[in-house]
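Per-entry structural report
Read off the chains here:
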Amino acid sequence: MSNRSNCNRTRITEFLLLGFSGSRTLKVLLFFLCIVIYIMSLTVNSMIIGLYLGSRNLRSPMYFFLCHLSVNDIMLSTSVGPNLLSTLLSDGKTMSVSDCVTQYCVSSFFTGNECLLLTVMSYDRFLAICHSLHYVNIMTSRHSHFLVIWSWILVFLSALIVINAISYPGFCGCNTLDYIYCDYAPLLEVSCADKVIVEILKTLVSISLAILPLLFVISSYIRIILAILRISTSTGRQKAFSTCISHLTVVCTYYGILIAKYTVPSKGQSSNVNKMFSFLYTMVTPLLNPIIYSVRNREIQKALGKMIYVMLS
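About the cut-offs
- Residues numbered from 1 in each chain as written.
- Predicted model: local features only at pLDDT ≥ 70, side-chain atom pairs only at ≥ 80, totals over all residues.
- Heavy atoms only, no water.
- UniProt positions renumbered as here; feature names shortened; annotations may be inferred.
- pLDDT = per-residue confidence, 0-100.
- Helix = DSSP H or I, 4+ residues; strand = E, 2+ residues; numbered from the N terminus.
- Phe/Tyr/Trp six-rings, centres within 6.5 Å; stacked < 30°, edge-to-face > 60°.
- Buried < 20%, exposed > 50% of the residue type's maximum accessible area, 1.4 Å probe, protein only.
- Pairing = 2+ DSSP bridges.
- Contact = heavy atoms within 4.5 Å.
- Axes fitted to C-alpha atoms, helices over the stretch in contact; angles between N-to-C directions.
- Expected span 1.5 Å × (residues − 1).
- Bend = angle between axes of the 7 residues up to and from the residue.
- Polar contact = N/O pair within 3.5 Å; in protein donor to acceptor, adjacent residues only side chain to side chain.

- Going by the annotation in an unreviewed UniProt entry, the name recorded for the chain is G-protein coupled receptors family 1 profile domain-containing protein, with Hymenochirus boettgeri given as the source organism.
- UniProt, in the comment section headed Subcellular location (unreviewed entry), describes the chain in these words: "Cell membrane".

The structure is reproduced here in structure tokens:
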């Protein structure tokens, strides 16, 4: 498929998504890598959800938030994975404008929601360690549901503003998107909208959904670490820190990749690096998150052991 021939249209009715560039052999290898990662991600996240729903020992706010994080990770990888696999097999994929905008809408929604869920989980750990005596009274089941519901609502409304601004005027020019999925940068380049206004809205949304939550997480963990250092016994300090290390690792991994993605240019020689970072946070982190939580969490390991025993008996 010729890229130049797809740039002659003034009004875009469909997009040509190029995906990863490279030889046919490389794309086949990437296809098998992607499908293995995607299947494993669905499996381990579904396991976390099943353990939460099936084990009474995991019915606490921390595991409630972890269950929602697993649901979000499944949806985030699903918003990109199947379409990426199809793109790798066919050396590019033609998508209608509505399909492309829908993919951008869904992927951006679950990307933003991941940031807020991680923020809520840091708030939960902050209360559990810094206000342990009042934790049960503050983090009630009603309060937990309230935090999660408002996270979903806030992300939906924020994402809707940017998506409407970038897609409502339509798209014009070249319909070739040199990217692995329909994302903000390639869509903005071909949008007929006023790019200055869209960039301002995007910046405001990014501040509310990514930067402010990250600052809250950092400040929470500074206070958590100070509280842990005040614990008199080494056993108590180790126990308190072990309840936070998994979440802190997930936060550092997710935000580190996300910051790198928006730091590296999406054009020129850096485009493949940008694509790789996009692949990491949409496909790889949804696989790593439940694994990181499971490796150090004895309650999850016990629940998993019981589930395996029941299945085998």
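1. Re the confidence of the model for the chain
- Looking at the chain as a whole, the pLDDT averages 86, with 95% of positions reaching at least 70.
- Within the chain, the lowest mean pLDDT, 80, falls on helix α10 (residues 298-312), and the highest, 92, falls on helix α2 (residues 61-90).

2. Brief notes about the packing of aromatic side chains
- Scanning all chains against the criterion turns up 14 aromatic pairs.
- Note on Y123 and F216: the rings are 6.4 Å apart at their centroids and 50 degrees apart in plane angle, and the pair reads as tilted. Taken as a pair, Y123 in helix α3 (residues 97-130) and F216 in helix α7 (residues 195-229) lie far apart in primary sequence, 93 residues in all.
- The exposure class of Y123 is partly exposed, given its relative accessible area of 22%.

3. Points about the sheet that holds strand β3 (residues 176-177)
- Spatial ordering of the open sheet is given by β2-β1-β3, a layout of three strands whose pairing is mixed. A single partner strand is all that each edge strand has here, and the edge strands are β2 (93-96) and β3.
- By the bridge criterion, two bridges tie strand β1 (residues 14-17) to β3 in an arrangement that is parallel. Pairing of L16 across the sheet is with T176, part of β3.
- Its contacts with the sheet place α3 against β1, β2 and β3, and it is angled at close to 90 degrees to β2.

4. Points about α7
- When the terminal C-alpha atoms of α7 are compared, their 49 Å separation across 35 residues agrees well with the 51 Å that a helix rising 1.5 Å per residue should span.
- Taken as a whole, α7 carries its principal kink of about 45 degrees at I207.
- Among all positions of α7, only V198, K202, V205, L209, P213, V217, S220, Y221, I224, A227 and I228 are buried.
- Residues of α7 that are buried in the fold lie against α3, α5 (141-167), α6 (184-190) and α8 (234-263).
- The N-cap of α7, judged by a side-chain oxygen 3.1 Å from the amide nitrogen of V196 a few residues on, is D194.

5. Thoughts on the environment of G112
- Assignment of secondary structure puts G112 in helix α3.
- Sequence separation between G112 and I161 is 49 residues, and the spatial gap between their C-alpha atoms is 13 Å.
- Non-local contacts of G112, meaning those with residues more than four positions away in its chain, are made with V155 and L209.

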